[in-house]
Amino acid sequence: MILDQSLSQTYRLTLTQKMRQSLQILQLPAISLRDFLQEASMSNPVLEVEDPPLGEEMMELQKAAVAREELRDLPIERREQIIWENGGGEERNFSNFASQPESFTDYLNSQLGQMTGLDNAMQAMCQYLVGCLNSAGYLDCPLNELSEDLGCDHFELEQALYVVQSLDPPGVGARSLSECLLLQLVQGEHFNAVNIHLVRDGLPLLAKNDLDGLSRLLGVSKADVKRAAADIRSLNPIPSSGFYTGSRTVYTIPEATVRRGAEGGIVIEMNSTVLPQVSISRENCALLEGADSKEAHLYLKEKLAEANTLISSLEERQNTMFRLIDVIVRLQEGAFTRDEDLRPMTMAQVAETLGVNISTVSRAVKDKYIQVGSRIVSLRSLFTTSLQSEEGSGVSSASAKLQIKKLIAAEPPEKPLSDEVLSSALAGMNIHLSRRTVAKYRGELGIPPACRRKK
C-alpha cells in the first residue's frame, strides 16, 4: 500500500438564497412582482408592503380580479348563474374564472423537484437553466457564459443541461432547431439513421420540399425520403407550445416610459408607482424585541435578514432595469427620435456595455416592456442581429426583413420574385444575403415561396 497526498482544484456551484432571489426578482415582470411581494409579506411579519395609489383603470382591473377570486369560492352552479346574469359572452366565459393553469417553467421545475438522484448543486444548476430558457423552450445563451455567470465548471453545467433536456416535453433545453428535433427523435419511435441525417443536414431542403435533393443527400429512395419527411414534420419545433404563457393577461404594465425631452434628448421615467412600497415594520420589530424568549429573538433576526435581502434585491432589480433600458434606448436612439430602422444590437453587446453577463440581460428583458408614446414595445424585440453592407456598416436583420417584405409586396403577381432574385435585389441596396438566408427570413415573415405566390 502506498499513501500519497495530492492537491486538486474543483469548481462547485455556490448559489446562495440571496442570488436565487435576486435572479427571480430580476426575471419577474412588474405585474408578477407585485404579487410576489404581497406573498412575501404574508410569511414575514417584519416586512411591510404597502400598495401604491391606483388610477381609475387599475382600480377597475383590481375590482375585476377580486370579483374573480370571490367567484372561485362559490359553488359551481352559483358561479355559472352569476356569470350568465351578468351577460355571459366570451369575456365572462366560465373558463376565465378557473384557476390559472400551470406555466411551462413551473412544469419543468416540478419534474426537477421529483428527481431523487440530484444533489443540491446539480438541482440549483438545473433550475437556473430552466430560468434561462426563452419563451419557445430553447436555451439561447452560450453555456460558457452561463458557467462564468454562476462561477461553476462548464462541464458540470453541461451535465445539468443534459438533465434539463431529459425532461418532458421532449426537445426542451435545445440550443437549435436541429438539436430540438434530435432530442425528440432519441426519445421517440422514429429514431433511425436516415431521420438523424435529415435533421442534421437536410432541414433547408426539407423546408423547400426538395425530395430529389434530399434523396441525393441521404442516399435513399424518394419513398424513404417521404417517410422520413413525414416523421420529422410530426415533431414539435416549439417545446413550450400548449403551455400557459401568460397570454391571457388582460393588460401589460411597462417597466418605464420613454419620451422625447424638452431639449430634444430622450427621457426615461421608471414606472415605480406600480410596485408596492416595501419597508421594515418597526412596530412588529418592537413587539418581537419585547419578547423574553430566545426563540422570539432568533425568529426576529431571521425575518429581518430575509426582509433586508428582499429589499436589497428589489433595489438591485430597479437599478439594473434602468441601466439596461438606458443602454438600449441610447443604442437605438434613431428608432425612438427619428423613426429610423432598428440598428444591429445584440444581447452580448448590451451585456458588455453594462459590464454584466449575457444571461443577466436575457433574464432582464424577458417579458418586459416599455411605453413609447401610445405604443407598448417589448424590450426583446429591440435586439436584432447585424449584417454587413458593402461599406462595412451594420444593417440589422430587422431592416433586411423589412426590405424583403417591401420587395415581395411590389412584385408582379404573375411573376413573383424567387429567393435568388431577392438576394440580388438586396445586394443592390448594399444588403448582402445568401439565397438561403433570404429564404430563412422570408419564412420567418410567414411569406410562402415564389411558386406558391404566383397568381
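The structure displayed is predicted, hence computed values, not measured ones.

### Considering the overall build of the protein
Right, so step 1: Check the secondary structure of the protein and you find 22 helices and eight strands.
Right, so step 2: Sequence separation of 24 or more characterises 62% of the internal contacts of the protein that already satisfy a separation of 6 or more.
Right, so step 3: Accessible area for the protein stands at about 26,000 Å²; split by element, carbon and sulfur atoms hold 51% of it.

### Structural notes on the sheet that holds strand 2 (residues 256–260)
Right, so step 1: Taking strand neighbours across the sheet as the criterion, the four strands line up as 3-2-5-6 in an open arrangement whose pairing is mixed. Looking along the sheet, the strands with just one partner apiece sit at the ends: strand 3 (266–270) and strand 6 (375–378). Within the sheet, the average angular offset between the axes of one strand and its neighbour, ignoring direction, is 30°.
Right, so step 2: Along the sheet face, helix 15 (residues 294–331) touches strand 2, strand 3 and strand 5 (369–372) and points at about 155° away from the line of strand 3.

### Notes on the side chain of Ser 215
Right, so step 1: Here Ser 215 is to be found in helix 12 (residues 211–218).
Right, so step 2: When residues no more than four places from it in sequence are discounted, the contact partners of Ser 215 are Val 220, Ser 221, Lys 222 and Val 225.

### A look at the pairing of strand 4 (residues 277–280)
Right, so step 1: The two faces of strand 4 differ: Val 278 and Ile 280 on one face are buried, but Gln 277 and Ser 279 on the other face are not.
Right, so step 2: Bridge analysis of strand 1 (residues 47–50) against strand 4 gives four bridges, and the strand direction is antiparallel. What sits directly across from Glu 50, in strand 4, is Gln 277.

### A look at the nonpolar core
Right, so step 1: Within the largest apolar cluster, 27 residues are counted, with the highest numbers of intra-cluster contacts made by Leu 324 and Ile 370.
Right, so step 2: Among the elements of the structure, strand 2, strand 3, helix 15, helix 17 (347–354), helix 18 (358–365) and strand 5 are those that each provide at least two residues to this core.
Right, so step 3: Top contributing element to this core by residue count: helix 15, with six residues.
Right, so step 4: When sequence neighbours within four positions are dropped, the list of residues in contact with Leu 324 reads Val 350, Leu 354, Val 361, Ala 364 and Val 365.
Right, so step 5: If you look at the next biggest cluster of nonpolar residues, it comprises 26 residues, including Met 122, Leu 150, Leu 157 and Leu 161.

### Quick notes on the pattern of salt bridges
Right, so step 1: Tallied over the full model, the rule gives nine salt bridges.
Right, so step 2: Of the charged contacts, one joins Lys 222 and Asp 212 as a salt bridge, the two residues approaching to 3.5 Å between their closest N and O atoms. Taken together, the residues Lys 222 in helix 13 (residues 222–233) and Asp 212 in helix 12 connect sequence positions ten residues apart.
Right, so step 3: Looking at Lys 222, the relative accessible area reads 41%, which means it is partly exposed.
Right, so step 4: Notably, a salt bridge pairs Glu 255 with Arg 317, separated by 2.9 Å at the nearest N-O pair. Highlighted residues: Glu 255 in the loop between helix 13 and strand 2 and Arg 317 in helix 15, separated in sequence by 62 residues.

### Remarks on the side chain of Ser 423
Right, so step 1: As for its placement among the helices and strands, Ser 423 is situated in helix 20 (residues 419–428).
Right, so step 2: Apart from residues lying up to four places away in sequence, Ser 423 is in contact with Leu 433, Ser 434, Arg 435 and Val 438.

### Digging into helix 20
Right, so step 1: Three or more residues of helix 20 are buried, namely Asp 419, Leu 422, Ser 423 and Leu 426. When helix 20 is viewed along its axis, its buried side chains cluster within an angular range of 105° and face the same direction.

### So, helix 13
Right, so step 1: Taking 1.5 Å of rise per residue, the twelve residues of helix 13 would be expected to cover 16 Å, and the 16 Å separating its terminal C-alpha atoms lies within 8% of that figure.
Right, so step 2: Buried within helix 13 we find Val 225, Ala 228, Ala 229, Asp 231 and Ile 232. Along the long axis of helix 13, the arc covered by the buried residues comes to 160°, so they all point the same way. The exposed set on the far side of helix 13, more than 90 degrees from its buried face, consists of Lys 226 and Arg 227.

### Quick look at the confidence of the model for the protein
Right, so step 1: Across the protein, the average pLDDT comes to 76, with 77% of residues at or above 70.
Right, so step 2: Contacts from residues 87–100, a stretch scored under 50 in pLDDT, to residues over four places away or in other chains number 20 contacts.
Right, so step 3: The low-confidence segment residues 388–393 (pLDDT under 50) makes eleven contacts with residues lying over four places distant or belonging to another chain.

### Focus: the pairing of strand 5
Right, so step 1: Burial along strand 5 is one-sided: Ile 370 and Val 372 are buried, and none of Tyr 369 and Gln 371, which face the opposite way, are.
Right, so step 2: Pairing analysis gives three bridges linking strand 2 to strand 5, with the strands arranged parallel. Paired with Val 258 across the two strands is Val 372, which belongs to strand 5.
Right, so step 3: Judged from the four bridges that link them, strand 5 and strand 6 form a sheet pairing that is antiparallel. The residue bridging Tyr 369 from the neighbouring strand is Ser 378, located in strand 6.

### Some thoughts on the packing of helix 17 against helix 18
Right, so step 1: With their axes 8 Å apart at the nearest point, helix 17 and helix 18 run at an angle of 110° to one another. It follows from the interaxial angle that helix 17 and helix 18 lie roughly perpendicular. Contact residues: helix 17 offers Met 347, Ala 348, Val 350 and Ala 351, while helix 18 offers Ile 358, Val 361, Ser 362 and Val 365.
Right, so step 2: For the contact of helix 17 with helix 18, a count of residues per class yields seven nonpolar, one polar and no charged.

### Some words on the environment of Leu 275
Right, so step 1: For Leu 275, the position within the fold is in the loop between strand 3 and strand 4.
Right, so step 2: Looking at Leu 275, the relative accessible area reads 7%, which means it is buried.
Right, so step 3: Counting along the chain gives 224 residues from Leu 275 to Asp 51, while the straight-line C-alpha distance between them is 7.2 Å.

Conventions adopted
Residues numbered from 1 in each chain as written. Predicted model: local features only at pLDDT ≥ 70, side-chain atom pairs only at ≥ 80, totals over all residues. Heavy atoms only, no water. Helix = DSSP H or I, 4+ residues; strand = E, 2+ residues; numbered from the N terminus. Contact = heavy atoms within 4.5 Å. Areas by Shrake-Rupley, 256 points an atom, 1.4 Å probe, with all protein chains shown as cover. Pairing = 2+ DSSP bridges. Axes fitted to C-alpha atoms, helices over the stretch in contact; angles between N-to-C directions. Buried < 20%, exposed > 50% of the residue type's maximum accessible area, 1.4 Å probe, protein only. Core = buried A, V, L, I, M, F, W, Y, C linked by side-chain atoms within 4.5 Å. Salt bridge = Lys/Arg side-chain N within 4 Å of Asp/Glu carboxyl O. Arc of directions from axis to C-beta. Expected span 1.5 Å × (residues − 1). pLDDT = per-residue confidence, 0-100. Parallel < 35°, antiparallel > 145°, perpendicular 65-115°, else oblique. Nonpolar A, V, L, I, M, F, W, Y, C, P; charged D, E, K, R; others polar.

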